[in-house]
Structures are given as structure tokens and as C-alpha cells.
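Chains, contacts and geometry: an overview
Single-letter residue listing:
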Amino acid sequence: MLDYKKVNNLMGWLVFLVATLVYALTVEQTASFWDPGEFIAVSYKLQVPHPPGAPFFLLTYRMFGFLAFGDGLSVAYWMNIGSAVFSGLTILFLFWSITLFGRKLFGVVKGKESKGEVITLMGAGMVGALVYTFTDSFWFSAVEAEVYAMSSFFTAIVIWAFLKWDVIEDPRDENRWMIFIAYLVGLSIGVHLLNLVTLPALALIYYFKKYRNPNLKGGIIALALGGLALIIINNIIIPGLPSMAGAMEIFFVNSIGLPFGSGVVVFITLFVGSLIYGIIYSIKNGKVVLNTILVSLTFIMIGYGSYAMIVVRANQDTVINQNAPKDIISYVSYLKREQYGYRPLMHGQYFDAELIDQEEGAPIYLKGKDKYEIVDYSTVNIYDPSRTTILPRIYSTQERHKQLYRSKLGLREGEKPTFGDNLYFMFSHQLGHMYWRYFMWNFSGRESDFSDAPWLGIADFFSDKFPDYIKENKAHNNYLMLPLLLGILGLIFQAKNDPRSFYVTTMLFLMMGAVLVLYLNSPPVEPRERDYIYVGSFYAFAIWIGIGVMALAHWIGKLNKNLAVAGVIATAITFPIPVMMASQNWDDHNRQGRYFSVDSARNFLSSCAPNAILFTGGDNDTFPLWYVQEVEGFRTDVRVVVLSYFDTDWYVDQLSKPAYESEGLPFSLQYENYKKGTNDVLYVMERENLEAISSREYLRLLKNNSDLLKLSGGGRSTYNMVPSKNLILDVDLEKVYGQGLIPEGMESLMADQINLRVKGNYMTRGNLMLVDLITTNNWERPIYFNNTSLATIGLDIEDYVVMEGLTYRLLPVRKPQNMRSELVNTDLAFKNVMEEFAFRGMDNPDNYFDDEFRRFTSNHRSAINAIAIALLDEDDMDRAAEIMKFSLEKMPHDAIPYDLASGQMVPLLFEVGEDDLALDIIEKISHKSIQMLEFYTRENREFDREAMISIEMLKYFIPLLNERGYDELANQLKNGLERIMGPSSGGSMIDRR
């Protein structure tokens, strides 16, 4: 007879080793794009990440960073290994959870497990756990230092712990496990809040154990109480307790006149005292339930106590100190993620609702010299009540979102959406596109790594319809729907034979899937794919996959009357499923050899002169830069300024202080001029006969709080304004020229004035501070912009920037109006690209480069094109040819397929006489483009962005070929395009140069 406990433990750890080894072999060796760059940087030095923070994650991954033994280049690798380990532990607890569900399903008696039951449960746990091991979404998070691997671990161990609690008979042991679970929940708050979503399902486990005759009413009450526990933790404990402490702090300081911190001390004393009194009372009076609740709450608070690190480190003024939550007031704002705005949940406006009023909300406090000062009031938007609805799904009033809503709903401009449209968007986009598509990608298959790629089914596996560019895409994965079918089989089998456990699994599946979709209420477009949010739902489905193996064993056992043999057969039949998934997914989840996320950051910094100031835009423009500076210590003389944060007072305050080799940024305005509630927005109110104003004079008036700039506002607020869109900065050309700032050959373009023209009808605090920085800096420190920040700042300064590689330097030169390309310092840009830039692994076709890598590759290709154009305009044919060949060598088609930027290189290659290289690009792009258009047409698929670019590229190439005398090839492309699109004389919208 097999010892079930030993075999179960051994098999669980064996599965853990397999999963962890897989993740360790495929782990990224440096910082990935998106948040890992930030998390590695802040973990390495225990700094303050974006709200609401993840302090326990930071503390834990700091420990993994020690394994680098001081080698900064290895820190990211070891933190990524941390995710591999936590993901392996997730698989371990999934295995044990499946076997626990299986014991209940088969009614296995402890200590009396038969050989057949042991074999069947082990096989089911192994297959279910390994299928989840190789799922697309979970594997993605398992190989990078992000919170989702550790969050999944906490979700898995809490579910397992509740299932263990369910089989414990001794009430004292039950309470110990309940307290253990509470502590895990508290710790998980310091990682991610996904764990809390499991509470309603876990409440069902409690109900089914404690009430031997459950009914529908009781089940609903249990779910409601579980939901109440979720609300208490998520809405009361996490932000509510600090909010109450903040209110008490304001009262004690502002009303009573006590020193800062007194209210917090009193609140903590009262709260902890009440807990202690309640626990003592429950013990003396034998209140077991009350005692368990209070002790559990205590352990939740102990776990939640990791958040003290955020306040402690914020007060150390770390270099990365987002929101600077130094006191209880700013800490509450940090926890509530107030900077990210509000999404309506149960009631709100349609996207076309008219804003009819704004009401003054709660006061906003900031810590002053001797009390907390009201700096502003929150604003409550009042929309036309006839254009509001329950369960608002199409709510965003952003213009871009409005257009996307109309496109997805088929609404004409001015046509009002209905509640039916609202529900259609919820089911088709939020539940369909943003959840079901991900679900099917994980358990059925995925056509490619294009964002809108459909899922694949059984018929697709045997179809020859897919063109080469899809079949060659490493993310073209098809699982023959076998994981999906096995999971459905398990779902049905559990529902029939163990309905109580089925309700629990179903609640886990729905709460971490569909319900989470409704709660998050996503707009029509997100900055990135967010399938990592729903891995908890996929985890629950993996439980059903394991139970599906049990179902097969059960039915085979009925035929051969031997469950042991049936368990072996069922395992043998289903084990190829995770093997197939591993085989299909390995090449697009293996991150070995990928360094360009970090190399691109290094290339940005390498494009800057010493002691520079570099403005960046979004996450991928910024987080890798933080990583290479904070962890690898690369170019810490450059001060990176995140444009989106520049609108906040705390960030401007931080930038005014030194960091590493960078001095604080020079601002003339003081904190009183840019603190929250002051100059948040400055409206342009152009004065008659005032065409322009000196930027220095404007800043002087603003600093002196001049009445000349005052603009009366509604309510209690007054605002400053901008009297002219044209803010003129006078330039001392003799000084600038003497410093050698003007690139050779641009002397004739020198400008004695720069117009810092406001683009719209108002100027934000960030744009004001940019005007201040540019004016006060007076050309002492180099100021650079990347392409994202240059396009999004509120000042029109594009005519005054010079490209030096990947960055644009602000200089007192002005681009001529008739100039075809941007200004480029060709000597410096050429040197930076050829000698300073890194492209590790970008020429290896075996490496997998996903959409983010391809996007940054395109940025680099475009930058090199711009340098080549500038060199050609200088008649420097040799260096133009050299840098383009360098681009094709470092980023070849076999590794990174040619894209729009590659196509734009074609006329440049023709111009330098490299016809063969130009024709090769045309052949490869045209081959893919025609394949794509034929495929989309054949499948009646709507042309997406990729298809529209393909059409434009073909139109672009045809006249180029005709001009060079390649008429036969031009006619082939023309005929191919007309065969698909019909006769058309329309030209390409792509710039010929």
C-alpha cells in the first residue's frame, strides 16, 4: 500500500522542481520592459514605487538581490529568479489543492487511501499543475521581477490553506490555520490585492463545513459575508484605518494645537488598545469566535505592517520616491491611488454625457510649517442626469476613448449610445475581448503575438490557411483545445459528483475572472495587454483540468474494474497535453538572450552629453532608465525627468535636490509657487495688443504673486493666467557660441530668441516648470527630450531641438521652414550610434522579440534613418551608407522582421547606390504584406493597423521602383495590390523622405 502523505508530498515537490527549473531556464537575464525595471530598482535600494506600493515584495526581492554578491549586472537576474521560485511554489500549492479537491470528490478516507486512489490523484495533480505551468499568461509573469508571480503564490497558498483547514477536525487546529490564513492575507496586501478576491469563495468552504445541511439561502449569505470581509479589508482596513488616523491627526494638530504625529500616536494607541482589550475579553468570557476574529484581525494588521517601510523610506528622500508619502495625509493619498483617477462602477455617465456642473468636494490637506493646510478642494463632476446609467461601461469622456467607443459600437458621430450599447460593450469587449480572448489564448491556442490575434481551435491545427508570417511567428501556438476540453470535462464531473466543491471552484473562477473584469471596468484601450490580472481565474480552471484527469480515470475504472490501472491510463492519455503546451510555448516564453530593454535605455543615456537633463514619457521610456542608473550605475550624471510626474509638486521638489552626480535642477520658482493647489493649471487669456511676453518677466510676476496675472475662479479658488501664448526667451548668442554649444555647420541657424509657445488653451504645472527650467538653466546644463516627451509636452519647441542619436537637444538654433527633415548633429549622432549604442542579441533569430522589443527596434531604425537623411543632405554618401548597413547588420530581418521604418530606408539605400539591399527590403516587406492582405480578405477580417500599414507600404514602393527602372517588380506589386484591393490610383501617405 502506498503511503499517501509521503507520495503526495514527494510528487508535489517534484512538480515544483520541474516548474521552477523551466522558469529558471527561460528567465529574463536583465530587466524587462514595463514595471520590472522600476521594481528591480526600488527593491535593490528599498525605494518607493508607484502607488499603492508593494513593500513586502520589495523586502523579499531585496533578499534575492543579495545573491548577486554585489555584482550590479546580476541583480536583475536573481530577482527574476525570485519570480521563478514563487511561481514554482504556486504550482506546488496548485498540485496539493487539486489532490485535496480529489480526496473530497472520491470520498477518500484519511489513512485508508487505496493504490488506485493514490495513483489517480497524483496523476491528476501532476497534469493539472503542469498544464498551468505552461500556460501563456502565467509563464509570462514567472520569468520577470513583477508582483504577479508573488501575488499568485499568495493566492495559491491561501486557497490550499483553506482546503487544509476544511479537513481538520480539531477546533483548536482549525483556529490556528485560520490565524495562519489571516497572516498570509495581511502579508499579501504588501504585494498585490488579487488575493482578497478569493474571500467570497473561501467563505463557501467555511459554510459547507460548519453547516451540514447547506441550502441556497445559506450559500448566498456565506457569499455575502465573504464579500463583506473583502470590503472590510479592501475599503476599511487598507485605506480606511489610515484615513481615520489622518482625520484624527488633522483634528489634534489643527484644532487642539498639538505637534505633528500626535493624532496618529493617539489613534494607534486606541486601536491597539481596543484589540488587546477585545482579545482579553474574549479569552476571559470564552468567546471563541470573537477571539478568532480579533486574533485574525491582529495578524492581518501584522502582515499589513510591512507598509511602514513605505513611510520610513519616503522620509529618507530616496531618489525614486513616488508621491513622497512622508506623512499620514500623503500616505492615505498614496494608498488610495488618487493620482490614477476614478472609474464608475455601479452608476455613472455615458461617454457623451454633458458636464453641467462641478461641485466642491472634500478639502485637500498638505503638511505646512506648524499645521495641515487646505491647499485645494476635490472636484465632483455633475453630468446631465438623462445621460447617466446603472452599471456604466462606456463612461470615459476622453476624446480618444469616445472615438473608439463609437467605432466598436458602430455609432455615427452625434448618435447617442443606449443601455443596450452599454451592455454590448461589456459583453463584447470587456468580457469578450479583454477576458475570453485571453482565456482561450491560454487553453486553446493563439494565432500570433499581434495584440488582436484570435484564438485557435482544433480545425486551425489542420488548416493550411495561415500565411508564412503567421506560421513563423513564435507565438503561433495551438493546443488542439485539449486543455480547454479537459477542463470542461473536470468542471462537469465535479459539478455532478461534488457540487459543494464545484461551487467553491466556480466562485474562484468567476471572482478572479468575470467579476474582476466588471470591477476594473476597463476603457476601450489599455497601454498594454493585461492578461496577468486574470491568472487567478486561469488557476481555478487548472483545478478543473486536474479533475478532468480524475473523470477519465473514473470512467476507465468502470470498464476495467481497476482504478490503479485506470489512473495510469488516464495520466498517460493526458500527460501529452502539458508536454505539447511546453513545446508550443517554449520559443515565445524563453527570454534568454534578450537585453534590448536595457540596451535601449543605455542608448538613450548614451545620446546625452555629460550632466544632462533628459525628459521621458511613458513607462517603457522611463523604467529601464531607472534600472540602469539605480542598479547598474550607468550614467548617473544624467537626470531623468518623467514628464507625466512633472505636473506634481512632490516630483518638482525632488528634482530640485541632488541625486548621485547630478545637481538639483535650477528653478527660480519656490515651493510656494508650485505646491498643490497653486498654479495647477494656468489658463491662456491673451491680452489685447500683447503678442508675446518675456519668459523671465512672466516668471518674475508669477513668483511675486502679481495681481496682473490673477484670474477669478468659481468657489474659493483663484488662478493665475498666461497673458500670451508666446513666451519669449532671449538668448545671449555670444555666450552660447563661446561655450561651443552650436554644432558645426549650424551657425547660420542660431536664434537670438526662442519662442516657448503654449500649444493649447492652458498650461499645466509641469509645462510651467519646464518654462522655468529652460529659462533659469540659461544653457548651463544640456536639456534633452526623447521622442515621446517631445511630442506630448505642452510647449511647441520642436523647431529648436537637434537630434544627437535617440534624443533631441534643446539648442538656440531654429530649423528652416523649408527643411525636409529634422535638425541632426550628424557627427555626434553618427558617433553615438556607431560607437556608443548596444544591440546585444538583436541579430540572433533564435531569440524571441515580442511587440515591445519590435517597437523599440522600430524607434532605433527610425532614428538611424533620420541620421542617414541628414548625412545625405550634407552629401556625405559614405557615412549614410555605412550607418544604414550598420542598422541592417545589428537588426536584421531574420531576427526582427522589417517594419515601417525599414521600408522608409528603401529610398535612402537607392540614393546611396545600395540597390540590392533596398530590393531585399522591398521583397521581404511586400511578400508579407500581400500575404497578410490576401489572408485578411479571404477570412473576411477587418483590416487592422498592421494591414493598413501593409497597404501604404505597397503603395509607397511602387513609384520608388518605377523611378529606379524596376518596372517589372513595380507591376508585380501593383497587380498584387489591385487583385486584393481593386484598381486604385491613390498614392501612399508615407513620407517619401
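Everything numeric here is computed off the predicted structure, so don't read it as measured data.

We now examine the environment of Ala918. Take Ala918: it is sitting in helix H39 (residues 915-938). Residue classification places Ala918 among the buried positions, given a relative accessible area of 0%. Between the C-alpha atoms of Ala918 and Leu711, which are 207 residues apart in sequence, the distance is 59 Å. With sequence-adjacent residues up to four places away left out, Ala918 is seen in contact with Val906, Leu909 and Phe910.

On to the sheet that holds strand S13 (residues 727-730). The strands that make up a sheet are held in pairs by hydrogen bonds between backbone atoms, and each pair lies either parallel or antiparallel. Strand order in the open sheet made by the three strands is S10-S13-S14, with mixed pairing throughout. Looking at the sheet topology across the chains shown, the edges are occupied by strand S10 (693-694) and strand S14 (753-755). As paired strands, S13 and S14 are joined by three bridges and run antiparallel to one another. The residue of S14 that forms the bridge with Asp730 is Gln753.

Bringing helix H12 (residues 262-284) into the picture now. An ideal rise of 1.5 Å per residue puts 33 Å on 23 residues; H12 measures up with 33 Å between its terminal C-alpha atoms. Among all positions of H12, only Ser262, Gly263, Phe267, Leu275, Gly278, Ile279 and Ser282 are buried. On its buried face, H12 is in contact with helix H11 (240-255) and helix H13 (288-304).

Before going further, it helps to examine the layout of surface pockets. The computed volume of the second largest pocket comes to approximately 1,200 Å³. As for the second largest pocket, its lining consists of 36 residues, and the residues nearest its centre are Met178, Tyr206, Leu225, Ala229 and Ile293. Looking at the lining of the second largest pocket, the elements that each hand over two or more residues are helix H7 (147-166), helix H8 (171-189), helix H9 (199-210), helix H10 (216-237) and H13. Of all the elements, H10 adds the most residues to the lining of the second largest pocket, at 11 residues. Classifying every residue of the lining of the second largest pocket by side-chain character gives 29 nonpolar, five polar and two charged.

In this section: empty space enclosed by the protein. Summed over all chains, the structure comprises four cavities of 30 Å³ or more. As for the largest cavity, its lining consists of Phe101, Lys104, Leu163, Asp166, Ile205, Phe208, Arg500, Ser501 and Val504. Elements that contribute at least two residues to the lining of the largest cavity include exactly helix H4 (72-106), H7, H9 and helix H21 (499-511). Of all the elements, H21 adds the most residues to the lining of the largest cavity, at three residues. By residue class, the composition of the lining of the largest cavity is five nonpolar, one polar and three charged. Leu741, Trp779, Arg781, Pro782, Ile783, Arg809, Leu810 and Leu811 are the residues that line the second largest cavity. Of the residues assigned to the lining of the second largest cavity, the class counts are six nonpolar, no polar and two charged.

Tracing the backbone shows Glu447 in the loop between strand S5 (445-446) and helix H18 (458-462). Judged by its relative accessible area of 4%, Glu447 falls in the buried class. Among the polar contacts made by the side chain of Glu447, one reaches the side chain of Arg941 at a distance of 2.8 Å. Those residues in contact with Glu447 that sit more than four places away from it in its chain are Ala453, Pro454, Leu456, Phe466, Ile470, Ala475, His476, Phe935 and Arg941.

Across 10 bridges, the pairing between strand S2 (residues 355-367) and strand S3 (residues 372-383) is antiparallel. Of the residues in S3, the one forming a bridge with Tyr365 is Ile374. As consecutive antiparallel partners, S2 and S3 are separated by four residues.

The next subject is the environment of Lys657. Within the secondary structure, Lys657 is located in the loop between helix H28 (649-655) and helix H29 (671-674). What makes Lys657 partly exposed here is its relative accessible area of 31%. Taking the C-alpha atoms as reference points, Lys657 and Ala895, 238 residues apart in sequence, are found 43 Å from one another.

Turning to the pairing of strand S7 (residues 613-616), a few remarks are in order. Taking every second residue as pointing to the same face, both faces of S7 are buried, with Ile613 and Phe615 on one and Leu614 and Thr616 on the other. Where S7 and strand S8 (residues 639-642) come together, four bridges link them in parallel fashion. Bridge pairing links Thr616 to Val642 in S8. Regarding topology, helix H27 (residues 619-630) serves as the crossover connection from S7 to the parallel S8, and that connection is right-handed. Pairing of S7 with strand S17 (residues 783-785), which is carried by three bridges, proceeds in the parallel orientation. The residue of S17 that forms the bridge with Leu614 is Tyr784.

Within the secondary structure, Ser501 sits in helix H21. Dropping the residues within four chain positions of it, Ser501 is found in contact with Phe101, Lys104 and Gln494.

Judged by side-chain polarity, Ile458, Phe461, Phe462, Leu482, Leu485, Ile488 and Ile492 come together as a nonpolar surface patch covering roughly 640 Å² of accessible area. In this fold, Ile458 is placed in helix H18. Relative accessible area serves as the criterion here: at 35%, Ile458 is assigned to the partly exposed category.

On to the sheet that holds S8, then. In space, the five strands of this open sheet follow the order S8-S7-S17-S20-S19, with mixed pairing throughout. Here the strands that pair on one side only, and so sit at the sheet edges, are S8 and strand S19 (801-803). In this sheet, adjacent strand axes meet at a mean angle of 30° when their direction is disregarded.

Moving on to the packing of helix H30 (residues 695-703) against helix H32 (residues 765-777). Two measures define how a pair of helices packs: the angle their axes make with one another and the distance between the axes. Viewed as axis vectors pointing N to C, H30 and H32 meet at an angle of 120°, and their least axial separation amounts to 10 Å. In terms of their interaxial angle, H30 and H32 are classed as oblique. You can see that H30 and H32 cross each other, and the crossing is left-handed. Contacts between H30 and H32 involve Ser695, Arg696, Tyr698, Leu699 and Leu702 on the former and, on the latter, Leu768, Val771, Asp772 and Thr775. For the contact of H30 with H32, the residue count by class is five nonpolar, two polar and two charged.

With that out of the way, let us pick up the nonpolar core. Within the largest apolar cluster, 306 residues are counted, with the highest numbers of intra-cluster contacts made by Tyr23, Phe615, Phe646 and Tyr698. Ranked by residue count, the leading element in this core is H4, at 17 residues. Beyond its immediate stretch of four places on either side in the chain, Phe646 contacts Phe615, Val641, Tyr651, Val652, Leu655, Phe667, Arg765, Gly766, Met769 and Leu770. With eight residues, the next largest nonpolar core counts Phe351, Ile394, Tyr395 and Leu411 among its residues.

Another point: the pattern of salt bridges. Applying the stated criterion to the full structure yields 43 salt bridges. With its nearest N and O atoms 3.8 Å apart, the salt bridge here joins Lys831 to Glu835. Of the two residues, Lys831 and Glu835 both sit in helix H34 (residues 826-836), four residues apart, roughly one turn of that helix. When salt bridges with common partners are traced through the structure, they connect Glu28, Glu144, Arg591, Arg594 and Asp850 into a single cluster.

Glancing now at the packing of aromatic side chains. Under the defined criterion, the tally for this structure stands at 79 aromatic pairs. Centre to centre, the rings of Phe646 and Phe667 are 6.3 Å apart; their planes meet at 40°, and the pair counts as tilted. Of the two residues, Phe646 is situated in the loop between S8 and H28 and Phe667 in the loop between H28 and H29; the sequence distance between them amounts to 21 residues. The side chain of Lys209 reaches across the aromatic face of Trp165, ending 4.5 Å from its centre. Over the ring of Phe634 we find Arg602; its NZ or CZ atom is 4.3 Å from the centre of that ring.

The rules we used
- Residues numbered from 1 in each chain as written.
- Predicted model: local features only at pLDDT ≥ 70, side-chain atom pairs only at ≥ 80, totals over all residues.
- Heavy atoms only, no water.
- Helix = DSSP H or I, 4+ residues; strand = E, 2+ residues; numbered from the N terminus.
- Buried < 20%, exposed > 50% of the residue type's maximum accessible area, 1.4 Å probe, protein only.
- Contact = heavy atoms within 4.5 Å.
- Pairing = 2+ DSSP bridges.
- Expected span 1.5 Å × (residues − 1).
- 1 Å grid on protein atoms, 1.4 Å probe; cavity = no way out; pocket = protein on both sides within 12 Å on 5 of 7 lines; lining within 4 Å.
- Points joined across faces, edges and corners; volume = space filled by probe spheres on them.
- Nonpolar A, V, L, I, M, F, W, Y, C, P; charged D, E, K, R; others polar.
- Polar contact = N/O pair within 3.5 Å; in protein donor to acceptor, adjacent residues only side chain to side chain.
- Right-handed = clockwise from strand over helix to strand, strands pointing away.
- Patch = residues over 30% accessible without salt bridge, like charges linked within 9 Å, V, L, I, M, F, W, Y side chains within 5 Å.
- Areas by Shrake-Rupley, 256 points an atom, 1.4 Å probe, with all protein chains shown as cover.
- Salt bridge = Lys/Arg side-chain N within 4 Å of Asp/Glu carboxyl O.
- Axes fitted to C-alpha atoms, helices over the stretch in contact; angles between N-to-C directions.
- Parallel < 35°, antiparallel > 145°, perpendicular 65-115°, else oblique.
- Left-handed = near helix turned anticlockwise from the far one by under 90°.
- Core = buried A, V, L, I, M, F, W, Y, C linked by side-chain atoms within 4.5 Å.
- Phe/Tyr/Trp six-rings, centres within 6.5 Å; stacked < 30°, edge-to-face > 60°.
- Lys NZ or Arg CZ within 6 Å of the ring centre and 35° of its normal.

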